[in-house]
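Chains, contacts and geometry: an overview
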Amino acid sequence: MTTPFMAGIAVAAAAYAGRCGIQAWQAFKARPPTMRRFYEGGFQATMTRREAALILGVRERTPTDKIKEAHRRVMVANHPDAGGSHYLASKINEAKDMLLGQTKGGGSAF
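By convention here, each chain's residues receive numbers from 1 onward along its written sequence. Where local features are concerned, this predicted model is filtered to residues with pLDDT of at least 70; where side-chain atom pairs are given and counted, the filter is 80 or more; whole-chain, interface and lining totals use all residues. Computation of side-chain values: all heavy atoms of the structure, hydrogens and water removed.

For clarity, the cut-off: UniProt positions are given in the numbering used here, feature names are shortened, and annotations may be inferred rather than shown by experiment.
As annotated in an unreviewed UniProt entry, the protein chain carries the name J domain-containing protein and is attributed to Sphenostylis stenocarpa. Per its UniProt entry, the protein chain bears the Subcellular location (unreviewed entry) comment "Mitochondrion inner membrane". According to the UniProt record, the Subunit (unreviewed entry) comment for the protein chain reads "Probable component of the PAM complex at least composed of a mitochondrial HSP70 protein, TIMM44 and TIMM14. The complex interacts with the TIMM23 component of the TIM17:23 complex."

Shown next as structure tokens:
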């Protein structure tokens, strides 16, 4: 008599564990993806060194060669000839000029 009872308990425990496992998997799949946090907000009226560094993904006091490398990397991804935006390309160039100290004072073309 105890053997069928123990078998029933084992089947019930396995079913409950399976149900909990399925619920955990569904909760895991439903969670939002973890993404890198980017700077939220538009561009400032006049570009600052902080904004330029945020655009290129470098620190404000980065060496010249690292700034040029970061500019190239960001520009390849956003170049107008490759389907990127002219506005973003001008902002990327302005950010490079700002960090390298080559600002002309005119700002973006847009």
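Here's the deal with helix H4 (residues 86-100)
Residues spaced three or four apart along an α-helix face the same direction, because each turn holds 3.6 residues. For clarity, the threshold we go by: Working definition: helices are DSSP H or I runs of at least four residues, strands are E runs of at least two. Numbering for both runs from the N terminus. The length a helix should cover is 1.5 Å for every residue beyond the first. Buried residues are those whose accessible area, probed at 1.4 Å on protein chains only, stays under 20% of the maximum for their type, while exposed residues exceed 50% and partly exposed ones sit between those limits. Whenever two N or O atoms come within 3.5 Å, that pair is a polar contact, provided that in protein one can donate a hydrogen and the other can accept it, and provided that, for residues adjacent in sequence, both atoms are side-chain atoms.
Under the 1.5 Å per step criterion, the end-to-end length of H4 is 21 Å for 15 residues, consistent within 8% with the ideal 21 Å. If you check which residues of H4 are buried, you get Ala89, Ser90, Lys91, Ile92, Glu94, Ala95, Asp97, Met98 and Leu99. If you check the start of H4, you find a side-chain oxygen 3.1 Å away from the backbone N of Tyr87, and it comes from Ser85. Just downstream of H4 lies Gly101, where phi reads positive at about 80°.

Looking at helix H2 (residues 49-56)
Operational definition: Contacts were defined at the residue level, with two residues in contact if any of their heavy atoms lie within 4.5 Å.
Buried within H2 are the following residues: Glu51, Ala52, Ala53 and Leu56. Summarising the contacts, the buried residues of H2 are in contact with helix H3 (64-78) and H4. Count one or two residues on from H2 and you reach Gly57, which has phi positive near 75°.

Thoughts on the environment of Asn93
Relative to the helices and strands, Asn93 resides in helix H4. Given the relative accessible area of 29%, Asn93 is considered partly exposed. Sequence-distant contacts of Asn93, that is, excluding residues within four places in its chain, are made with His71 and Met75. There is a polar contact of 2.7 Å between the side chain of Asn93 and the side chain of His71.

Some words on the packing of aromatic side chains
We apply this condition: The aromatic pairing rule takes the rings of Phe, Tyr and Trp, using the six-membered ring of Trp, and pairs them if the centres are within 6.5 Å, calling planes under 30 degrees apart stacked, those over 60 edge-to-face and the rest tilted.
The full count for this structure, using the stated rule, is 2 aromatic pairs. On the basis of an interplanar angle of 70° and a centroid distance of 5.5 Å, the ring pair of Phe43 and Tyr87 is categorised as edge-to-face. Of the two residues, Phe43 sits in the loop between helix H1 (2-30) and H2 while Tyr87 sits in helix H4, which places them 44 residues apart along the sequence. The partly exposed category is assigned to Phe43, whose relative accessible area is 33%.

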